[in-house]
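Remarks on the overall topology
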Amino acid sequence: MWNGDELDLDAYLARIGIGAGDGAADGEGGGDGDADGSGARPRELRPDLKTLYAVHRAHTAAIPFESLDVLLGRPVALEVKAIEDKLVHARRGGYCYEQNTLLAAALERIGFEVSGRGARNRTRGDSLLPVTHAVLVVTVEGEPWLCDAGFGYVGPREPVPLARPGAEVRQGAWTYAVHAEEEGVLVLRALRGDVWRDLYAFSPQRYHPVDYVLLNHYSSSHPRSAFLGQTIVQYPGEDVRVALVGRELTRLYPDGRTERASVATEDLLPLLEREFGIRLSERDAAELVRIHRSGD
């Protein structure tokens, strides 16, 4: 379903930093060298929980969330090879459809059972928003796990169990839980200080890659899409979560504290590289600076 056979798995593993022994069933490295010679890929990646955690954690740590192509007026392609060229070889980031399509292709290639879901963002108070977020459900030994590498700086860094609603899951300094509502709807929540906040809700209905093509069209072109007309780059750090939205840089801490600062035009490109590991082509960098300066 996810065209995992088209993915250069060696290059993907090198991009997310999985080397010898990471996620391997017996803890031993070996096998073929990786795509860029930075280390050996695991001799065997089995579709087990250890591998799922290792791949998910490495992916979210290595590839930032960003929608700069939308801002630059460029189509967002969801074919596996196009995503690989951008997120893996060009070392860019992407938003949920790109991130989770890439993750799904890799997990499918390893041998996992992967299905899609469509989620409704709940981070904007009582506003009823359309289903526009793409998430994954991965089944391991009969148990479903929520996997999501594309919800920006407040999203989970690791899989979240779906078979035990209400159970609190610690991911380093961050805590998540899944809450069950009527009609099979599940809600991912995050703890901020001593307050639980809804992130998004999703139903049991399966989504397919073709469904994400439709959602992607809305998110990249509809006038009401939050991704149009502003810079959005985010990173779910282990200790501090960082988000650049428009001209404002926000740092979010596990206790709920936030720090905000305005980003000057001359600081934009160095900040993208320093905070998010993004280095744009000369043409894209010049256009992004022009757009940012137009708000002065």
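Description of the overall build of the protein
Looking only at helices and strands, the protein has eight helices and 15 strands in total. Each of the three principal axes of the protein carries a C-alpha extent, and together these read 55 × 50 × 35 Å. In the protein, which comprises 296 residues, the share counted as buried stands at 51%. Restricting to contacts in the protein with at least 6 residues of sequence separation, those with at least 24 account for 58%. Accessible surface, the protein as shown: approximately 13,400 Å² in total, 47% of it carbon and sulfur. Each charge class in the protein can be summarised by its mean position, and for the 34 positive and 45 negative side chains these summaries are 4 Å apart.

Points about the layout of surface pockets
Roughly 1,000 Å³ of internal volume is contained in the largest pocket. Residue lining of the largest pocket: 39 residues in total, with Asn121, Thr123, Arg124, Phe151 and Gln234 positioned closest to the centre. Here the lining of the largest pocket is built from residues that sort into 18 nonpolar, 13 polar and eight charged. Taken together, Met1, Trp2, Asn3, Glu6, Leu78, Glu79, Val80, Thr101, Pro209, Tyr212 and Val213 make up the lining of the second largest pocket.

A closer look at the sheet that holds strand 15 (residues 258-262)
Spatial strand order, 3-12-13-14-15: five strands in an open sheet with antiparallel pairing. Each edge of the open sheet carries a strand with a single partner, namely strand 3 (65-66) and strand 15. The pairing of strand 12 (residues 232-236) with strand 13 (residues 241-245) spans five bridges and is antiparallel. Considered in strand 13, the bridge of glutamine 234 is made with alanine 243. Packed on one face of the sheet, helix 7 (residues 268-276) meets strand 12, strand 13 and strand 14 (248-252) and runs near 155 degrees to strand 13.

Description of the packing of helix 1 (residues 9-16) against helix 2 (residues 49-62)
The description of two helices packed together rests on the angle between their axes and the distance between the axes. Axis separation between helix 1 and helix 2 bottoms out at 8 Å; the angle between their running directions is 65 degrees. In terms of axis orientation, helix 1 runs roughly perpendicular to helix 2. Contact residues: Tyr12, Arg15 and Ile16 in helix 1; Val55, Ala58, His59 and Ala62 in helix 2. Of the residues assigned to the contact of helix 1 with helix 2, the class counts are five nonpolar, one polar and one charged.

Let's talk about the sheet that holds strand 7 (residues 160-161)
Ordered by their spatial adjacency, eight strands build an open sheet running 7-6-5-4-11-10-9-8, and the pairing between neighbours is antiparallel. With partners counted over all chains shown, the strands left at the sheet margins are strand 7 and strand 8 (169-171), one partner each. Running at roughly 5 degrees to strand 6 (residues 143-147), helix 2 makes contact with strand 5 (131-140) and strand 6 of the sheet. Against the sheet, helix 6 (residues 209-221) contacts strand 4 (113-121) and strand 5, and its axis sits at roughly 145 degrees relative to strand 5.

Describing empty space enclosed by the protein
Under the definition given, this model contains one cavity of 30 Å³ or more. Computed from the structure, the largest cavity encloses a volume of approximately 60 Å³. Looking at the largest cavity, it is lined by 13 residues, and the ones nearest its centre are Thr60, Ala149, Gly150, Gly152 and Pro236. Residue composition of the lining of the largest cavity, by class: seven nonpolar, five polar and one charged.

Each value, and the rule that gives it
Residues numbered from 1 in each chain as written. Predicted model: local features only at pLDDT ≥ 70, side-chain atom pairs only at ≥ 80, totals over all residues. Heavy atoms only, no water. Helix = DSSP H or I, 4+ residues; strand = E, 2+ residues; numbered from the N terminus. Buried < 20%, exposed > 50% of the residue type's maximum accessible area, 1.4 Å probe, protein only. Contact = heavy atoms within 4.5 Å. Areas by Shrake-Rupley, 256 points an atom, 1.4 Å probe, with all protein chains shown as cover. Lys, Arg positive; Asp, Glu negative; His and termini not counted. Charge placed at Lys NZ, Arg CZ, Asp CG, Glu CD. 1 Å grid on protein atoms, 1.4 Å probe; cavity = no way out; pocket = protein on both sides within 12 Å on 5 of 7 lines; lining within 4 Å. Points joined across faces, edges and corners; volume = space filled by probe spheres on them. Nonpolar A, V, L, I, M, F, W, Y, C, P; charged D, E, K, R; others polar. Pairing = 2+ DSSP bridges. Axes fitted to C-alpha atoms, helices over the stretch in contact; angles between N-to-C directions. Parallel < 35°, antiparallel > 145°, perpendicular 65-115°, else oblique.

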